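Analysis of the macromolecular model
Okay, here's what each chain looks like letter by letter:
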Amino acid sequence: MFKEIAIALKNTLILWLITAILYPIIILAIGQTVFPFQANGSFIKNLQGEVVGSALIGQNFTSERYFLSRPSSVDYSPIELGVKTGISGASNLAPSNPQLLENVQNRISQLAQITPTADLIYASGSGLDPHISIAAANAQISRVANVRGLSAAQVKALVEKNTEHRFLEIFGEPGVNVLKLNLALDNLS
């Protein structure tokens, strides 16, 4: 019986060593050498070299100088005391909940100067979506161009340049990464 317990403990120790130590180290090494940008959070820097966000997590832009992002029920996990909170999630409000209707009506009234699209009115399921649809970006072109003193053609060219197409031409929907687009606007000015 002690022999069987010793074999079981030895097997457990070996499997623990492989799955809890060796495998994570190998995956970390592959990620850092082959995909360092993605493995380190897909951080985007401005022209001064400061990290301004991640290409994978949306941000709330409120200035008229910027394209508006998709609303977030969790306010895009704000940085509190220098630490990212890591919160994600939807509001969990049922369609019959009056608070949901009030939220939607408030968003529509905030977007009075443009033709709002669904992704500018409704929050994403994760609350972290960094993309808006091409239609949502196109609806904001004239507003952003007027505020920045640019031509609509210049802003439209930036939208097209920052449009991410379907993966392998079949998966997902085309979208515009709002952070990248707003940084391109700042770099243009």
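Computed from a predicted structure; not experimentally measured.

In this numbering, the UniProt entry assigns the feature "transmembrane region" (unreviewed entry) to residues 12-35. Across residues 12-35, the secondary structure splits into 96% helix and 0% strand, with the terminal C-alpha atoms separated by 32 Å.

As a further point, take the packing of aromatic side chains. Scanning all chains against the criterion turns up 2 aromatic pairs. Each ring, one from Phe61 and one from Tyr66, has its centre 5.6 Å from the other, and the planes form 45°; the classification is tilted. With a centroid separation of 6.3 Å and 35° between ring planes, the pair formed by Phe167 and Phe171 is classed as tilted. Exposure remark for Phe167: the relative accessible area of 56% places this residue in the exposed category.

Time to look at helix 7 (residues 178-188). Of the positions making up helix 7, those classed as buried are Val178, Leu179, Leu181, Asn182, Leu183, Ala184 and Leu185. Here the buried face of helix 7 lies against strand 1 (43-45), strand 2 (51-54), strand 5 (131-132), helix 5 (134-148), helix 6 (152-161) and strand 7 (175-177). Put simply, Asn177 is the residue that caps the front of helix 7, since its side-chain oxygen is 3.2 Å from the backbone nitrogen of Leu179.

Let's shift gears to unusual backbone geometry. The phi dihedral of Ser42 is positive, around 55°, even though this residue is not glycine. Checked against the element boundaries, Ser42 lands in the loop between helix 2 (36-39) and strand 1. With a phi angle near 55°, Leu168 is a residue other than glycine that sits in the positive phi range. With respect to the helices, strands and loops of the structure, Leu168 is situated in the loop between strand 6 (163-164) and strand 7.

Ranked by size, the top nonpolar core spans 28 residues in total, and within it Phe67, Ile132, Val155, Val159 and Leu185 carry the most contacts. Those elements that provide at least two residues to this core are helix 4 (118-121), helix 5, helix 6 and helix 7. Non-local contacts of Phe67, meaning those with residues more than four positions away in its chain, are made with Phe61, Ala137, Gln140, Ile141, Arg143, Val144, Val155, Val159, Val178, Leu181, Asn182 and Leu185.

Taking 1.5 Å as the rise per residue, helix 5 with 15 residues should run 21 Å; its terminal C-alpha atoms sit 20 Å apart, in good agreement. Restricting attention to buried positions, one finds in helix 5 the residues Ala136, Ala137, Gln140, Ile141, Arg143, Val144, Ala145 and Arg148.

The next subject is the pairing of strand 2. The sheet contact formed by strand 1 and strand 2 spans 3 bridges and is antiparallel. Along strand 2, the bridge assignment pairs Phe43 with Ser54. If you look at the hairpin formed by strand 1 and strand 2, you'll find 5 residues sitting between the two strands, and Gly49 has a positive phi there, around 85°.

Applying the stated criterion to the full structure yields 6 salt bridges. The closest approach of N and O atoms between Glu64 and Arg143, which form a salt bridge, is 3.5 Å. Taken as a pair, Glu64 in the loop between strand 2 and strand 3 (79-80) and Arg143 in helix 5 lie far apart in primary sequence, 79 residues in all. Accessibility expressed as a relative area gives 35% for Glu64, which makes it partly exposed. For Glu164, the salt bridge is made with Lys180, and the minimal N-O distance between the two is 3.4 Å. Separated by 16 residues along the polypeptide, Glu164 in strand 6 and Lys180 in helix 7 bring together distant segments of the chain.

Turning to the packing of helix 5 against helix 6, a few remarks are in order. Direction vectors running N to C along helix 5 and helix 6 enclose 140°, while the axes themselves pass 9 Å from each other. Overall, the two elements helix 5 and helix 6 adopt an arrangement that is oblique. Regarding helix 5 and helix 6, the two cross each other, and that crossing is right-handed. Residue-level inspection shows Ala137, Asn138, Ile141, Val144 and Ala145 of helix 5 in contact with helix 6, the latter providing Ala152, Val155, Lys156 and Val159. The class makeup of the residues in the contact of helix 5 with helix 6 is 7 nonpolar, 1 polar and 1 charged.

The rules behind these values
- Every chain is numbered on its own, with residues counted from 1 as its sequence reads.
- Two thresholds apply to this predicted model, a pLDDT of at least 70 for residue-level local features and 80 or more for giving and counting side-chain atom pairs, whereas whole-chain, interface and lining totals are computed over all residues.
- As a convention, hydrogens and water are excluded, and side-chain values are obtained from all of the structure's heavy atoms.
- UniProt positions are given in the numbering used here, feature names are shortened, and annotations may be inferred rather than shown by experiment.
- Helix numbering and strand numbering both begin at the N terminus, where a helix is a DSSP run of H or I of at least 4 residues and a strand a DSSP run of E of at least 2.
- Each aromatic pair joins two rings of Phe, Tyr and Trp (for Trp, the six-membered one) with centres within 6.5 Å, and gets the label stacked for planes under 30 degrees apart, edge-to-face for over 60, and tilted for any other angle.
- Only protein chains enter the accessibility calculation, which uses a 1.4 Å probe; a residue whose area is less than 20% of its type maximum is buried, one above 50% is exposed, and one in between is partly exposed.
- Working rule for contacts: check all heavy atoms of both residues, and any pair within 4.5 Å makes them a contact.
- Any N or O atom pair separated by 3.5 Å or less is treated as a polar contact, with the protein-specific requirement of one donor-capable and one acceptor-capable atom, and with residues adjacent in sequence counted only for side-chain atom pairs.
- Here, nonpolar core means buried Ala, Val, Leu, Ile, Met, Phe, Trp, Tyr and Cys residues that are tied together by side-chain atoms lying within 4.5 Å of each other.
- Helix span, expected: 1.5 Å multiplied by one less than the number of residues in the helix.
- What makes two strands pair is DSSP finding at least two bridges between them.
- The term salt bridge refers to a pairing of a side-chain nitrogen on Lys or Arg with a carboxyl oxygen on Asp or Glu at a separation within 4 Å.
- All axes are obtained by fitting lines to C-alpha atoms, using only the stretch in contact for helices, and the reported angles, taken between N-to-C directions, cover 0 to 180 degrees.
- Orientation is classified from the angle alone, with under 35 degrees giving roughly parallel, over 145 giving roughly antiparallel, 65 to 115 giving roughly perpendicular, and any other angle giving oblique.
- By definition, turning the near helix anticlockwise from the far helix through less than a right angle yields a left-handed crossing, and turning it clockwise yields a right-handed one.
- Three categories are distinguished: nonpolar for Ala, Val, Leu, Ile, Met, Phe, Trp, Tyr, Cys and Pro, charged for Asp, Glu, Lys and Arg, and polar for the others, with Gly belonging to the last.

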